[in-house]
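# Notes for the structure review
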Amino acid sequence: MVPSRARKRGAAVAAVMTAALIGIGAGTAHAAGWPPLQRGGHLYGGTNGTGAVTEADLGDFGTCHTLADPVSSVQIVSGSASLVLYPQAGCGGSWAWASGSLAQSNLPGQALSYRVVTP
């Protein structure tokens with residue numbers, strides 16, 4: 001009788017592990033829309049890291065950079081720099097969005113300029 005209980009318990013554990021792995025796989029598939037994390041600051045023309053890519057100059061602290069084309073999402077991996085993005089050229093507009101030094105996010109609207117700041 002004991003071997004039967006052990007087999008049932010083993011089967012239950014295997015079923016739980018399988019369900020957990022399927023859940024993890026589904027989460028990974030959902031996040032697959034974003035490009036893999038890479039060091040630096042990357043601004044994307046589309047949402048979820050799609051579209052044309054502009055690399056932010058993370059070494060130029062404090063300077064306002066006006067972009068040639070608007071961006072809708074950002075990915076940044078840096079221990080020493082963050083981005084503040086603005087909807088208008090010249091770092092102006094009705095809102096500003098700050099990234100932090102590790103971020104992957106859609107912006108609240110299209111941005112046309114950014115400034116590099118310390119996190």
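Up top is the structure these notes are about.
In this report, the structure presented in the accompanying data block is examined.

The rules behind each value
Residues numbered from 1 in each chain as written. Predicted model: local features only at pLDDT ≥ 70, side-chain atom pairs only at ≥ 80, totals over all residues. Heavy atoms only, no water. Phe/Tyr/Trp six-rings, centres within 6.5 Å; stacked < 30°, edge-to-face > 60°. Helix = DSSP H or I, 4+ residues; strand = E, 2+ residues; numbered from the N terminus. Buried < 20%, exposed > 50% of the residue type's maximum accessible area, 1.4 Å probe, protein only. Disulfide = S-S within 2.5 Å. Pairing = 2+ DSSP bridges. Core = buried A, V, L, I, M, F, W, Y, C linked by side-chain atoms within 4.5 Å. Contact = heavy atoms within 4.5 Å.

### Quick look at the packing of aromatic side chains
Summed over the entire model, instances satisfying the criterion amount to one aromatic pair. When the ring of Trp 34 is compared with that of Tyr 44, the centres are 6.4 Å apart and the planes differ by 85°; the resulting orientation is edge-to-face. Pair noted here: Trp 34 is in the loop between helix H1 (2–31) and strand S1 (40–44) and Tyr 44 is in strand S1, with a separation of 10 residues, a long-range link. Overall, the relative accessible area of 15% leaves Trp 34 in the buried class. Tyr 44 gets classed as buried once you look at its relative accessible area, which sits at 2%.

### Some remarks on the state of the cysteines
Scanning the entire structure with this criterion turns up one disulfide. Disulfide pairing is shown between Cys 64 and Cys 91; the S-S distance is 2.1 Å. Handedness of the Cys 64-Cys 91 disulfide follows from its S-S torsion of about 105°: it is right-handed. Pair noted here: Cys 64 is in strand S3 (residues 64–77) and Cys 91 is in the loop between strand S4 (82–86) and strand S5 (97–98), with a separation of 27 residues, a long-range link. Looking at Cys 64, the relative accessible area reads 27%, which means it is partly exposed. On the basis of relative accessibility, which here comes to 12%, the residue Cys 91 falls in the buried class.

### As for the pairing of strand S6 (residues 102–117)
The sheet contact formed by S3 and S6 spans nine bridges and is antiparallel. Along S6, the bridge assignment pairs Val 74 with Ser 105. Bridge count for S4 against S6 is five bridges, and the pairing is antiparallel. Directly across from Leu 83, in S6, lies its bridge partner Val 116.

### A few points about the sheet that holds S1
Strands pair in a sheet through their backbones, by hydrogen bonds, and they do so in one of two ways: parallel or antiparallel. Spatial ordering of the open sheet is given by S2-S1-S3-S6-S4-S5, a layout of six strands whose pairing is antiparallel. Taken across any chain shown, the strands that pair with only one partner, and hence form the sheet edges, are strand S2 (53–56) and S5. The sheet contact formed by S4 and S5 spans two bridges and is antiparallel. Its bridge partner being in S5, Leu 85 is matched across the sheet by Trp 97.

### A closer look at the nonpolar core
Within the largest apolar cluster, 16 residues are counted, with the highest numbers of intra-cluster contacts made by Leu 43, Leu 58, Val 71, Leu 83, Leu 85, Leu 107 and Tyr 114. Within the residue set of this core, elements represented by two or more residues are S3, S4 and S6. The dominant element in this core, judged by the number of residues it contributes, is S6, at five residues. Ignoring any residue separated from it by four or fewer positions in sequence, one finds Leu 107 in contact with Val 71, Ser 72, Ser 73, Val 74, Leu 85 and Trp 97.

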